[in-house]
Amino acid sequence: MAESADGHQEQVRRLGLYGTRGVVARCRDFTHEALADWGWIPAESEEAGERVEDVLLLVSEVVTNACLHAGGPQELVLRHGDGRLRVEVADASPEHPRVLVGRSPALPGGHGLMVLDRLAGAWGSEAKGPGDVGKVVWVEVSLPSRPPWRRPGAGLS
């Protein structure tokens, strides 16, 4: 357990990454395992199952963007706590993601940031710490809610 910037307890998992070969699948598998350990899988409802698929797609998009535009990711960090999951992908490029204004959704490619806008509760990027070249791209997703019939302390009717 670690403490988040706002003082809440969170669980953190880190995966060091090098190169681009097979990295997207490794990151999806790593995330899937963490979600299972944290109780997101097996999903308790259709909505929760869709949220898991959203998270795995978001991981794929952020890692793929690092492969295509930043020389490959260096680290995947998952932060779980306080009702949310934060996914962070660090790379060595100082260039932050930019949405291509006026790009038609009908054109192939270039839709990763649109996916982030659609599926993530919030996303962004920030420079790494002082003296460290590169950036961290992050996405946040709220935890799936439990069906009312499975809430702790709820009686069965």
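Note that this is a predicted model, so its numbers are computed, not measured. Residue positions are given per chain, counted from 1 along the sequence in the order it is written. Only residues with pLDDT of at least 70 get local features here, since the model is predicted, and only at 80 or more are side-chain atom pairs given and counted; chain-wide, interface and lining totals rely on the full set of residues. Excluded from the side-chain calculation are hydrogens and water; included are all heavy atoms of the structure.

Things to note about the confidence of the model for the chain
Then, number 1: When the pLDDT values of the chain are averaged, the result is 83; 76% of them are 70 or greater.
Then, number 2: A score from 0 to 100, pLDDT tells how confident the predictor is in each residue. Throughout, a contact is declared for two residues whenever any of their heavy atoms are within 4.5 Å. In this model, residues 153-157 is a region of pLDDT below 50 whose contacts with residues beyond four sequence positions or in other chains number two contacts.

Some words on helix 2 (residues 46-69)
Then, number 1: Starting at the N terminus, helices and strands are each numbered in turn, a helix being any DSSP run of H or I of at least four residues and a strand any DSSP run of E of at least two. Take the residue count of a helix, subtract one, and multiply by 1.5 Å to get its expected span. Taking 1.5 Å per residue, 24 residues should reach 34 Å; helix 2 reaches 34 Å between its end C-alpha atoms and fits that length.
Then, number 2: If you check which residues of helix 2 are buried, you get A48, R51, V52, V55, L56, L58, V59, S60, E61, V62, V63 and A66.
Then, number 3: G71 sits one or two residues past helix 2 and shows a positive phi near 75°. When accessible area is computed with a 1.4 Å probe and restricted to protein chains, residues below 20% of their type maximum are described as buried, those above 50% as exposed, and intermediate ones as partly exposed.

Things to note about unusual backbone geometry
Then, number 1: P42 follows I41 through a cis peptide bond whose omega is 0°.
Then, number 2: For P42, the location among the structural elements is in the loop between helix 1 (23-37) and helix 2.

Here's the deal with the pairing of strand 4 (residues 84-91)
Then, number 1: Across the eight residues that make up strand 4, a large majority, eight, are buried.
Then, number 2: Of the two faces of strand 4, the one holding R84, R86, E88 and A90 and the one holding L85, V87, V89 and D91 are both buried throughout.
Then, number 3: Summarising the sheet, strand 4 and strand 6 (residues 135-142) pair through eight bridges and their orientation is antiparallel. Residue L85 lies in a different strand from strand 6, and its bridge partner there is V141. Should DSSP find at least two bridges between two strands, the strands are taken to pair.

A word on the environment of V115
Then, number 1: Looking at the secondary structure, you find V115 in helix 3 (residues 112-119).
Then, number 2: Taking the C-alpha atoms as reference, V115 lies 8.5 Å from L57; in sequence the two are 58 residues apart.
Then, number 3: Here V115 is in contact with L57, L58, E61 and A120, once residues within four sequence places are set aside.

Remarks on helix 1
Then, number 1: Helix length check: helix 1, at 15 residues, gives a terminal C-alpha distance of 21 Å against a target of 21 Å (1.5 Å per residue), a fit within 8%.
Then, number 2: Regarding helix 1, the residues found buried are V23, C27, F30, T31, A34 and L35. The buried residues of helix 1 occupy an angular sector of 135° when projected down its axis, which confines them to one face.
Then, number 3: Along its buried surface, helix 1 packs onto strand 2 (9-16), helix 2, strand 3 (73-81) and strand 4.
Then, number 4: Once helix 1 finishes, G39 follows within two positions and takes phi at roughly 85°, a positive value. Note that the arc is defined by the directions from the helix axis to the C-beta atoms.

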